[in-house]
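As a plain string of letters, each chain reads:
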Amino acid sequence: MKKLAVVIAGTGNCEDITIQPGTTAGDVLAQLNLRDYLLSRSPNEAFFANAESIYDKVKDGEKIFASTKAEVGVGVCA
């Protein structure tokens, strides 16, 4: 088991969770009710795929980040 702190972008919130071997990025997001978010090890790193097991990719006590994916070319203009 590993303990992680998940920083939720744009909210200032940080959620402490415990994961076990085989836990996926999607599992973490579902547990935190963050279905429109993606996980990464830092704000500047690539996102984990939702089906990707993250247990072996993070360290116990590490801080990871949940953020929404920016969409290029999508916006509202008058």
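Please refer to the structure placed before this passage.
Residues numbered from 1 in each chain as written. Predicted model: local features only at pLDDT ≥ 70, side-chain atom pairs only at ≥ 80, totals over all residues. Heavy atoms only, no water.

Turning to the packing of aromatic side chains, a few remarks are in order. Given two aromatic rings, their pairing is described by the distance between the two centres and the angle made by the two planes. If you walk through the whole model with that rule in mind, you get 0 aromatic pairs. Directly above the aromatic system of tyrosine 55 lies the positively charged group of lysine 2, at a separation of 4.3 Å from the ring centroid. (Phe/Tyr/Trp six-rings, centres within 6.5 Å; stacked < 30°, edge-to-face > 60°. Lys NZ or Arg CZ within 6 Å of the ring centre and 35° of its normal.)

What follows deals with the pairing of strand 2 (residues 13–19). Sheet analysis places strand 1 (residues 2–8) next to strand 2, joined by 7 bridges and oriented antiparallel. Bridge pairing in strand 2 links valine 7 to cysteine 14. Counted along the chain from strand 1 to the antiparallel partner strand 2, the turn is 4 residues long, and its residue glycine 10 has a positive phi close to 80°. (Pairing = 2+ DSSP bridges. Helix = DSSP H or I, 4+ residues; strand = E, 2+ residues; numbered from the N terminus.)

A word on the environment of glutamine 31. With respect to the helices and strands, glutamine 31 occurs in helix 1 (residues 25–31). The spacing of glutamine 31 and isoleucine 17 is 14 residues in sequence and 8.9 Å in space, taken between C-alpha atoms.

What holds strands together in a sheet is hydrogen bonding between their backbones, with the strands either parallel or antiparallel. Pairing is mixed in the open sheet, where 4 strands are placed in the order 2-1-4-3. Strand pairing shows two members of the sheet lacking a second neighbour, strand 2 and strand 3 (38–40), which therefore form its edges. Sheet twist, expressed as the mean angle between neighbouring strand axes with direction ignored, is 30°. (Axes fitted to C-alpha atoms, helices over the stretch in contact; angles between N-to-C directions.)

With respect to the helices and strands, the residue glutamate 62 is situated in the loop between strand 3 and strand 4 (63–67). What makes glutamate 62 buried here is its relative accessible area of 14%. A polar contact of 2.7 Å, which involves the side chain of glutamate 62, links it to the backbone nitrogen of lysine 59. When sequence neighbours within four positions are dropped, the list of residues in contact with glutamate 62 reads Lys3, Leu4, Ala5, Arg41 and Lys57. (Buried < 20%, exposed > 50% of the residue type's maximum accessible area, 1.4 Å probe, protein only. Polar contact = N/O pair within 3.5 Å; in protein donor to acceptor, adjacent residues only side chain to side chain. Contact = heavy atoms within 4.5 Å.)

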